[in-house]
Amino acid sequence: MKNFFAALVMFLFALPCFAQDLSLYQKKEYSYSEGKVLPYRILYPENYDKDKKYPLVLVLHGAGERGNDNEKQLVHGSKLFLSEANRKDYPAIVVFPQCPENSFWSSVSVDQNKTPILFEFNYDNPITWPLDAVQQLVSQLQSTEAVDKKRTYITGLSMGGMGTFEMMYRFPKLFAAALPICGGGDAMRYDERVKKTSFWVFHGAVDAVVNVNESIAMVNKLKDIKAAVTYTEYPNVNHNSWDNAFAEPTFLSWMFSHKRKK
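Computed from a predicted model, the values in this text were never measured in an experiment.

Caption draft 1: Region of interest: the overall build of the chain. Within the chain one finds eight helices and 10 strands. Within the span of the chain, comprising 262 residues, buried residues form 52% of the whole. Sequence-distant contacts in the chain: of pairs separated by 6 or more residues, those separated by 24 or more amount to 71%. Summing over all exposed atoms, the chain offers an accessible surface of approximately 12,800 Å²; the carbon and sulfur share of this is 51%.

As structure tokens, this is what we get:
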């Protein structure tokens, strides 16, 4: 019983600390259509110095965090960038943009009657407006913040993983490295431009939402054009493979080691 109360006290003391950590992600807004705006969260490095140049990391969340209040998007991945050691060793500007309800990061049609859910990728369609808006946000931040344009990165999970693949298709010169998690994109027709970007792709082997074969097909297409791609598959892991990916010891060191080539 004594140990229980000691653990409870430690837990309660930890709560305000964690809330304070999350508050480090400042809430701002970005435009998307005819003067309309959406919220986004941005984390600045400690002792942010606008005379320096910092890496910029774009994080696209999944469908479960869609909405308009920007309150759910920090569920996955935020702790990785809030770690005291990571903030010290990998100072960066980190952005979590909001994708509203009934919209999609990626140009797909969805068949909910299939298990796993069937995603039909068709990038001959016009770019979705949320993805177009977030590209404008990245470009804006590259101009208004102390951003090293050669060190802009993208990662995303589930629907955001699909958006990560599509952002690389639509804007191949924007990012130095891409880390899609449990999201496919196997209809994409990559060309030589993508060879200048390194990919690290993650997926759970028993994903019941996004079929692991979609990521495998995407990896194979990247290999066909001799792009730099690493693939990590987690045995017996379902759709929440982001827990494994964000826990990879070299996730940040691998990402920040890349610079955009000319």
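Caption draft 2: Molecular detail of the pairing of strand β8 (residues 177-181). Most of β8 is tucked away, with five of its five residues classed as buried. By the alternation rule, side chains of β8 split into Ala 177, Leu 179 and Ile 181 and Ala 178 and Pro 180, which are all buried. For the crossover that starts at strand β7 (residues 147-157), traverses helix α5 (residues 159-170) and ends in the parallel β8, the hand is right-handed. Strand direction decides the pairing type here: β8 and strand β9 (residues 198-204), joined by three bridges, are parallel. Paired with Ala 178 across the bridge in β9 is Phe 199.

Caption draft 3: Highlighting the pairing of strand β10 (residues 229-234). With six bridges joining them, β9 and β10 adopt parallel strand pairing. Across the sheet, the residue bridging to Phe 199 is Val 229, located in β10.

Caption draft 4: How the structure looks around the nonpolar core. Judged by nonpolar contacts, the single largest core of 43 residues is most densely connected at Leu 58, Val 95, Met 167 and Phe 199. When residues of this core are traced back to their parent elements, those giving at least two are β2 (36-43), β3 (54-60), β4 (93-97), α4 (129-144), β7, α5, β9 and α6 (212-224). In terms of residue count, the dominant contributor to this core is α4 (six residues). Residues within four places of Met 167 in sequence aside, it is in contact with Leu 58, Leu 131, Val 134, Gln 135, Ile 154, Pro 172, Leu 174 and Phe 175. The next biggest cluster of nonpolar side chains, apart from the first, holds 30 residues, and it includes Tyr 25, Ala 177, Phe 202 and Tyr 234.

Caption draft 5: Here's a closer look at empty space enclosed by the protein. Evaluated as defined, the whole model comprises one cavity of 30 Å³ or more. In this structure, the largest cavity spans a volume of roughly 80 Å³. Taken together, Leu 43, Tyr 44, Pro 45, Phe 81, Asn 86, Arg 87, Tyr 90, Pro 91, Ala 92, Val 94, Leu 252 and Phe 256 make up the lining of the largest cavity. Here the residues of the lining of the largest cavity sort into 10 nonpolar, one polar and one charged.

Caption draft 6: The environment of Asp 21, seen in detail. Position of Asp 21 relative to the elements: it lies in helix α1 (residues 2-23). Look at Asp 21 and you get partly exposed, because its relative accessible area is 25%.

Caption draft 7: Structural view of α5. With 12 residues, α5 should reach 16 Å at 1.5 Å per residue; the first-to-last C-alpha distance of 16 Å fits that figure. Here α5 lies mainly inside the structure; 11 of its 12 residues are buried. Of the residues making up α5, those classed as buried are Met 159, Gly 160, Gly 161, Met 162, Gly 163, Thr 164, Phe 165, Glu 166, Met 167, Met 168 and Tyr 169.

Caption draft 8: Fine view of the sheet that holds β9. The mixed open sheet is built from eight strands, whose spatial order is β1-β2-β4-β3-β7-β8-β9-β10. Each edge of the open sheet carries a strand with a single partner, namely β1 (26-33) and β10. For this sheet the average axis-to-axis angle between neighbouring strands, irrespective of direction, equals 20°. Judged from the seven bridges that link them, β1 and β2 form a sheet pairing that is antiparallel. Bridging across to β2, Gln 26 finds its partner in Ile 42.

Caption draft 9: Structural context of the packing of aromatic side chains. Enumeration according to the criterion identifies 12 aromatic pairs in this entry. With a centroid separation of 5.6 Å and an interplanar angle of 15°, the aromatic rings of Tyr 90 and Phe 256 are classed as stacked. You can see Tyr 90 sitting in the loop between α3 (84-89) and β4 and its partner Phe 256 sitting in helix α8 (residues 251-256), a full 166 residues away along the chain. Its relative accessible area of 28% is what places Tyr 90 among the partly exposed residues. Look at Phe 256 and you get buried, because its relative accessible area is 8%. Judged by centre distance (5.4 Å) and plane angle (90°), the rings of Tyr 153 and Phe 256 are edge-to-face. Here Phe 256 lies in helix α8 and Tyr 153 lies in strand β7, a separation of 103 residues in the sequence.

Rules of the game
- Residues numbered from 1 in each chain as written.
- Predicted model: local features only at pLDDT ≥ 70, side-chain atom pairs only at ≥ 80, totals over all residues.
- Heavy atoms only, no water.
- Helix = DSSP H or I, 4+ residues; strand = E, 2+ residues; numbered from the N terminus.
- Buried < 20%, exposed > 50% of the residue type's maximum accessible area, 1.4 Å probe, protein only.
- Contact = heavy atoms within 4.5 Å.
- Areas by Shrake-Rupley, 256 points an atom, 1.4 Å probe, with all protein chains shown as cover.
- Right-handed = clockwise from strand over helix to strand, strands pointing away.
- Pairing = 2+ DSSP bridges.
- Core = buried A, V, L, I, M, F, W, Y, C linked by side-chain atoms within 4.5 Å.
- 1 Å grid on protein atoms, 1.4 Å probe; cavity = no way out; pocket = protein on both sides within 12 Å on 5 of 7 lines; lining within 4 Å.
- Points joined across faces, edges and corners; volume = space filled by probe spheres on them.
- Nonpolar A, V, L, I, M, F, W, Y, C, P; charged D, E, K, R; others polar.
- Expected span 1.5 Å × (residues − 1).
- Axes fitted to C-alpha atoms, helices over the stretch in contact; angles between N-to-C directions.
- Phe/Tyr/Trp six-rings, centres within 6.5 Å; stacked < 30°, edge-to-face > 60°.

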